[in-house]
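Residues per chain, in single letters:
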Amino acid sequence: MPLWTIHHTPGIFDAEEKRALASRITDHYESAGLPRFYVVTVFRETAPEDFYVGGDPTPVGVRVVIDHIARHAVDKEGRRRITEWINRILTPTLDQHPGLHWEFHVDETSEELWMINGLVPPPGGSDAEKRWARENVVSAY
């Protein structure tokens, strides 16, 4: 499961921009073979007086925290590719805001510490996972 938590100051995203960004994020993971329902995007609006960078309130800021569980980068080159595609997803939307401070990071969590609807997800690339992706639903396997 990738979980994207997008902390942002007011006025950065309207409802359509949120939908479009969440869709772009999900489309990428689907193209890598993950079920669409693995992808969760949460937008958290934070008042400028509660968003500090370098000890100072930030009038326009975005901080994206991404948790990867279903898949992990195996080497430095894989991690570089991940940061590049994340940057390509975010840049078109965030570059529209002059003076915006934005950043992201990715944490990788053990898939052994993950369940969906009380089920341990099937192994990556397995027939069961492919069925979950095809049907876009959690089911016993």
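Residues numbered from 1 in each chain as written. Predicted model: local features only at pLDDT ≥ 70, side-chain atom pairs only at ≥ 80, totals over all residues. Heavy atoms only, no water.

Attention now moves to the overall build of the protein. Looking only at helices and strands, the protein has three helices and six strands in total. Secondary structure elements of the protein occur, N-terminal to C-terminal, as β-α-β-β-β-β-α-β-α. When the backbone C-alpha atoms are referred to their principal axes, the protein occupies close to 50 × 35 × 25 Å. Residues counted as buried form 36% of the 141 residues belonging to the protein. Contacts in the protein between residues at least 24 apart in sequence constitute 71% of all its contacts with a sequence separation of at least 6. With an accessible surface of roughly 8,000 Å², the protein has 53% of that area assigned to carbon and sulfur atoms. Considering the protein, the positive charge centre built from 15 side chains and the negative charge centre built from 22 side chains are found 6 Å apart. (Helix = DSSP H or I, 4+ residues; strand = E, 2+ residues; numbered from the N terminus. Buried < 20%, exposed > 50% of the residue type's maximum accessible area, 1.4 Å probe, protein only. Contact = heavy atoms within 4.5 Å. Areas by Shrake-Rupley, 256 points an atom, 1.4 Å probe, with all protein chains shown as cover. Lys, Arg positive; Asp, Glu negative; His and termini not counted. Charge placed at Lys NZ, Arg CZ, Asp CG, Glu CD.)

Counting 29 residues, the largest nonpolar core has W4, I6, F13, L21, Y29 and V62 as the members making the most contacts within it. At the level of elements, β1 (2-8), α1 (15-31), β5 (61-68) and α2 (76-94) are the ones that each hand at least two residues to this core. Per-element tally for this core: the top contributor is α2, with six residues. The residues contacting W4, other than those within four sequence positions of it, are I25, Y29, V40, T41, V42, V64, V65, I66, W85, I86, I89 and L90. (Core = buried A, V, L, I, M, F, W, Y, C linked by side-chain atoms within 4.5 Å.)

Glancing now at the UniProt feature "domain: Tautomerase cis-CaaD-like" (unreviewed entry) in the protein. Within this structure's numbering, the places UniProt gives as "domain: Tautomerase cis-CaaD-like" (unreviewed entry) are residues 1-136. End-to-end, the C-alpha atoms of residues 1-136 are 13 Å apart, and along that stretch the chain is 33% helix and 24% strand. (UniProt positions renumbered as here; feature names shortened; annotations may be inferred.)

A grouping of M115, V120 and Y141 is seen on the molecular surface, where their side chains present a nonpolar patch of about 330 Å² in accessible area. Note that Y141 resides in the segment after α3 (127-135). (Patch = residues over 30% accessible without salt bridge, like charges linked within 9 Å, V, L, I, M, F, W, Y side chains within 5 Å. Salt bridge = Lys/Arg side-chain N within 4 Å of Asp/Glu carboxyl O.)

Now for the sheet that holds strand β2 (residues 40-45). Spatial ordering of the open sheet is given by β2-β1-β5-β6, a layout of four strands whose pairing is mixed. Strand pairing shows two members of the sheet lacking a second neighbour, β2 and β6 (101-108), which therefore form its edges. Taking the axes of each pair of neighbouring strands and ignoring which way they run, one obtains an average angle of 15° across the sheet. Two elements, β5 and β6, share eight bridges in a ladder whose sense is parallel. In the strand pairing of β6, R63 is matched with E103. Running over the sheet, α1 touches β1, β2 and β5 and is turned about 155° from β1. Relative to the sheet, α2 contacts β1, β5 and β6, its axis offset from that of β6 by approximately 150°. (Pairing = 2+ DSSP bridges. Axes fitted to C-alpha atoms, helices over the stretch in contact; angles between N-to-C directions.)

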